[in-house]
2 protein chains.
Amino acid sequence: MSSQTASTPGCPIDGLLQIVGDRWSLLILRDAFYGVRRFDGFQQHLGISKKILAQRLRSLTEAGIFNRVMYQERPQRFEYRLAARGLDTFPVLLSMSRWGTRWLSEPGKEWLQLRHTGCGEIIEAQLVCSHCGERLTPARVKPLAGPGAESKDIESLARAIRKTSS
Amino acid sequence: MSSQTASTPGCPIDGLLQIVGDRWSLLILRDAFYGVRRFDGFQQHLGISKKILAQRLRSLTEAGIFNRVMYQERPQRFEYRLAARGLDTFPVLLSMSRWGTRWLSEPGKEWLQLRHTGCGEIIEAQLVCSHCGERLTPARVKPLAGPGAESKDIESLARAIRKTSS
DNA sequence: TTAGCAGGTTACAAAAAGAAACCAATAATT
DNA sequence: AATTATTGGTTTCTTTTTGTAACCTGCTAA
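Residues numbered from 1 in each chain as written. Chains lettered and ligands numbered in written order. Predicted model: local features only at pLDDT ≥ 70, side-chain atom pairs only at ≥ 80, totals over all residues. Heavy atoms only, no water.

**Details of the interface of chain B and chain A**
Each partner contributes to the interface: chain B provides 101 residues, whereas chain A provides 101 residues. Summed over both sides, the interface between chain B and chain A buries roughly 9500 Å², with carbon and sulfur atoms accounting for 68% of that surface. Our count for the chain B to chain A interface comes out at four salt bridges. Taking the shortest distance from any N to any O, the salt bridge between A:Asp88 and B:Arg98 comes out at 2.8 Å. (Contact = heavy atoms within 4.5 Å. Buried area = accessible area lost by both parts, 1.4 Å probe. Salt bridge = Lys/Arg side-chain N within 4 Å of Asp/Glu carboxyl O.)

Structure, rendered in structure tokens:
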């Protein structure tokens, strides 16, 4: 996304997509969680062009997802480490991984498994309510306009939905 | 993504990105969760070009995310309803929304709030272990090659990571 | 001395996205 | 009866974004 304008300014999903909503950023982020840190590591593992990789690492660094830290002087060399904002995308990646495993691989032939070192088991990520701990489903989560929303945002969405029930 | 080849075949994250890894699909999906169902609704709310919208709805339908259901004969009209695979992306969208709200809006000025009808509270989505219920953090979740992974996948990742510790 | 590596940049070609006009089937309006 | 509106697109053309391949810089190793 990098240089686009948001189609729905203010929306948190759109906001994140402005940062990672292109073909590569989330794969770069995934590799970073695997432990990849250097330009060459990303480049070889992903098969991404150097030009695009350089662009993405720069924009992700500007967005605060990565810290670019020097690990060697003469010649200067940098590596890309997940910053707080980057680390906090973990639930997004884990949710994506869960979906892909569930719908794209046959049971017993998963490509990736996750072991929780807390309980030692192979697990699935599960999304629950921060307040009561119940599992969250679309039917039981109601989106509401927050204090920062503008009335035009709500009206334009309402118009788009109204088309459905007419 | 639609017509690309996966850079890391087998990876569940890459698999999902093949389906929704472009600038618009996740926004279309978000609107679908809001209740938008028709071509015009998506088009007006998102400000997406009709060409791209038609392409995306077609590819998302082919991928099993949407069902294209006729709601009127003469003239034939279709609407796009979330299929099981589409509904199951809810955790991804919710995780994205949580990230965006946390990092892109000021406290007290959130654009979006989520009310859980189970407990009635304004909540945050939280990712927990399906086995023990503990909150999942990057440090405590270890990715392992599953039974469907090929050794070359693992080796190429190992090489990319090794660059880090050399 | 030559080769190699890490981390890029540059120039150019190919692919994707966007804008705007158009179309088809029908219904509503004048 | 003719005109206009609505929904759900397609077509054509232009602009942007990606990708490819060659090149560069500063150093190290053989």
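Still more ground to cover, so stick around.
**Points about the protein's contact with DNA strand C**
Lining the immediate surroundings of DNA strand C are 23 residues, of which A:Lys50, A:Tyr71, A:Arg77, A:Tyr80 and B:Lys51 lie closest. Sugar and phosphate atoms form 69% of the subset of DNA strand C atoms that lie within 4 Å of the protein. Between a base nitrogen of DNA strand C and a side-chain N or O atom of A:Arg77, the distance comes to 2.7 Å. Broken down by secondary-structure element, the contributors of at least two residues to the surface near DNA strand C are helix 3 (39-46), helix 4 (50-62), strand 1 (66-72) and strand 2 (77-82) of chain A together with helix 4 (50-62) of chain B. Looking at the surface near DNA strand C residue by residue, the class counts come to eight nonpolar, three polar and twelve charged. (Near = heavy atom within 4 Å. Polar contact = N/O pair within 3.5 Å; in protein donor to acceptor, adjacent residues only side chain to side chain. Helix = DSSP H or I, 4+ residues; strand = E, 2+ residues; numbered from the N terminus. Nonpolar A, V, L, I, M, F, W, Y, C, P; charged D, E, K, R; others polar.)

**Brief notes about the sheet that holds strand 4 (residues 122-123) of chain A**
Backbone-to-backbone hydrogen bonds pair the strands of a sheet. The strands run either parallel or antiparallel. Spatial strand order, 4(A)-3(A)-6(B): three strands in an open sheet with antiparallel pairing. The open sheet has two free edges, formed respectively by strand 4 of chain A together with strand 6 (141-145) of chain B, since each of these has just one partner strand. Bridge count for strand 3 (residues 112-116) of chain A against strand 4 of chain A is two bridges, and the pairing is antiparallel. By the bridge assignment for strand 4 of chain A, A:Leu114 is matched with A:Ile123. (Pairing = 2+ DSSP bridges.)

**Notes on the pairing of strand 1 (residues 66-72) of chain B**
Residues and elements named next belong to chain B. In this sheet, strand 2 (residues 77-82) lies alongside strand 1 in antiparallel orientation, the contact comprising six bridges. Considered in strand 2, the bridge of Val-69 is made with Glu-79. What sits between the antiparallel neighbours strand 1 and strand 2 is a turn of four residues, in which Arg-74 has the positive phi angle 45 degrees.

**Here we look at the protein's contact with DNA strand D**
Around DNA strand D, the surrounding shell holds 24 residues, and the nearest of these are A:Lys51, B:Lys50, B:Tyr71, B:Arg77 and B:Tyr80. Backbone atoms, meaning sugar and phosphate, form 58% of the atoms of DNA strand D found within 4 Å of the protein. A:Lys51 is positioned with one of its side-chain polar atoms (N or O) 2.4 Å from a base oxygen of DNA strand D. Within the contact set of DNA strand D, a phosphate oxygen lies 2.7 Å away from a side-chain nitrogen or oxygen of B:Tyr80. Of all the elements in the fold, those that place two or more residues in the surface near DNA strand D are helix 4 of chain A together with helix 3 (39-46), helix 4, strand 1 and strand 2 of chain B. Ranked by the residues each element gives to the surface near DNA strand D, the list is headed by helix 4 of chain B, at four residues. Looking at side-chain class alone, the surface near DNA strand D contains eight nonpolar, three polar and 13 charged residues.

**Focus: the pattern of salt bridges**
Residues and elements named next belong to chain B. Tallied over the entire structure, the rule returns 25 salt bridges over all chains. Where Arg-37 meets Glu-79, a salt bridge forms, and the shortest distance between an N and an O atom there is 3.9 Å. In this pair, Arg-37 sits in the loop between helix 2 (25-34) and helix 3 while Glu-79 sits in strand 2, placing the two residues 42 residues apart along the sequence. The class for Arg-37 is partly exposed, based on a relative accessible area of 28%. Note that Glu-79 and Arg-38 form a salt bridge whose closest N and O atoms lie 3.1 Å from each other. Of this pair, Glu-79 sits in strand 2 while Arg-38 sits in the loop between helix 2 and helix 3, and the two are 41 residues apart along the sequence. (Buried < 20%, exposed > 50% of the residue type's maximum accessible area, 1.4 Å probe, protein only.)

**Description of the domain arrangement of chain A**
All names here are of chain A. Taken as a whole, chain A is organised into domain 1 (12-83) and domain 2 (90-140). Between the C-alpha centres of domain 1 and domain 2 the distance comes to 25 Å. Taken together, the contact pairs six residues of domain 1 with six residues of domain 2. Interface area for domain 1 against domain 2, summed over the two sides, is near 460 Å², with a carbon-plus-sulfur share of 86%. On the domain 1 side of the interface with domain 2, the three residues burying the most area are Leu-26, Phe-33 and Tyr-34, jointly 75% of the side's total. One can count zero salt bridges joining domain 1 with domain 2. (Domains from an automatic or database assignment.)

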